[in-house]
Amino acid sequence: MSEPAPVIVEFTHAGATLIAEERGDGRPVFLLIHGIGMGRKVFDGLVDILATHGRVVAIDQPGYGDAPEPPRTLTMERTADLLAAYLRSRDHGPVVVIGHSMGTQIATELTVRHPALVERLVLVAPTVDPSARRLAPQLWRLLRDLAPEKPLVLYRGGREYLRAGPNLRRKLHAMLVHRPERAYPRVAVPTLVLRGADDRVCPRPWCTEVAETIPGAQYLEVPGHRHETMIREPREAAVRILAFLTRAADGAA
């Protein structure tokens, strides 16, 4: 039997539009939130794995991937509110929110602003540490991280950055002015902080601080992986995410 075709949804709220691709069925429902310059397609490998365990919703944020550019660049908070409106419209909550890079900032805001919609939180390569909230150090870190990557990762990343359009600088500004550390102490769901052990974008001291700031959070690393740990060979990240969900469920029983 062939796999059912994914469901593609275009959703508009408060003047901004996202594109969601839904695959799989049942629960849990996984919500995947991409990072700066990316889009839902970079998660294809992870979606293939998670869709065998539940329903997966991968989104293009406004102005990324196939989603049209909004009239004004959204803050992390407003993007979280847009995702909340989408989840309510589809009756998807509560969900397992998985954010990557800048997506962790949105995932955190979604969790604290709309707690009834989130049952578990996974922060993969959380940004941005206070010591590097400027464009130059972020770009330098990213270039150092990507230098040894495989051509597939570079191709996917470069393609999505080009699709992010001429307003990428404004989007970077929205990411850099956000202060996720103000929201971390208010997270009230089981949380996993996941980092590629060789990540040059998200230093280990910052990621462990994130885990220590979130009540009861767990911290894990993926050996041999860098910042794009959910894009390059995503199975190692998926194994740790699924094991975390099992532990969290056992703890709640």
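Bringing the overall build of the chain into the picture now. Scanning the chain for helices and strands turns up 8 helices and 8 strands. Buried residues in the chain amount to 57% of all 253 residues. Across the chain, every contact between residues at least 6 apart in sequence was considered, and the portion connecting residues at least 24 apart equals 76%. Accessible surface, the chain as shown: approximately 10,800 Å² in total, 56% of it carbon and sulfur.

So, about the sheet that holds strand β5 (residues 95–100). Overall, mixed pairing links the 8 strands, which are arranged β1-β2-β4-β3-β5-β6-β7-β8 in an open sheet. Each of the sheet's edge strands pairs with one partner strand only, and the pair in question is β1 (7–13) and β8 (218–222). Mean inter-strand twist for the sheet, computed between neighbouring axes without regard to direction, equals 20°. Looking at chain direction, strand β3 (residues 29–33) and β5 are connected through 4 bridges and run parallel. Paired with F30 across the strands is V96, a residue of β5.

So, about the nonpolar core. Counting 51 residues, the largest nonpolar core has L31, Y86, V97 and L110 as the members making the most contacts within it. Of all hydrophobic cores here, the second largest spans 27 residues; its members include L46, A51, L192 and I241.

Cut-off values and rules
Per-chain numbering applies: the sequence of each chain, read as written, is numbered from 1 onward. This being a predicted model, a pLDDT of at least 70 is required before a residue's local features are given, and a value of 80 or more before pairs of side-chain atoms are given or counted; all residues contribute to the totals for chains, interfaces and linings. With hydrogens and water set aside, each side-chain value is computed from the structure's full complement of heavy atoms. Here a strand is any run of E in DSSP of at least two residues, a helix any run of H or I of at least four, and the numbering for each starts at the N terminus. For each residue, the accessible area found with a 1.4 Å probe, counting protein chains only, is set against the maximum for its type, and the residue is called buried under 20%, exposed over 50%, and partly exposed in between. Whether two residues touch is decided by their heavy atoms; if any such pair falls within 4.5 Å, the residues are in contact. Here the accessible surface of atoms and residues is derived via Shrake-Rupley with a 1.4 Å probe, and residues count as covered only by protein chains that are part of the display. Whether two strands pair comes down to DSSP finding at least two bridges between them. Each axis is a line fitted through C-alpha atoms, taken for helices only over the stretch in contact, and angles between the N-to-C directions span 0 to 180 degrees. For the purposes of this section, nonpolar cores are sets of buried Ala, Val, Leu, Ile, Met, Phe, Trp, Tyr and Cys residues that join through side-chain atoms within 4.5 Å.

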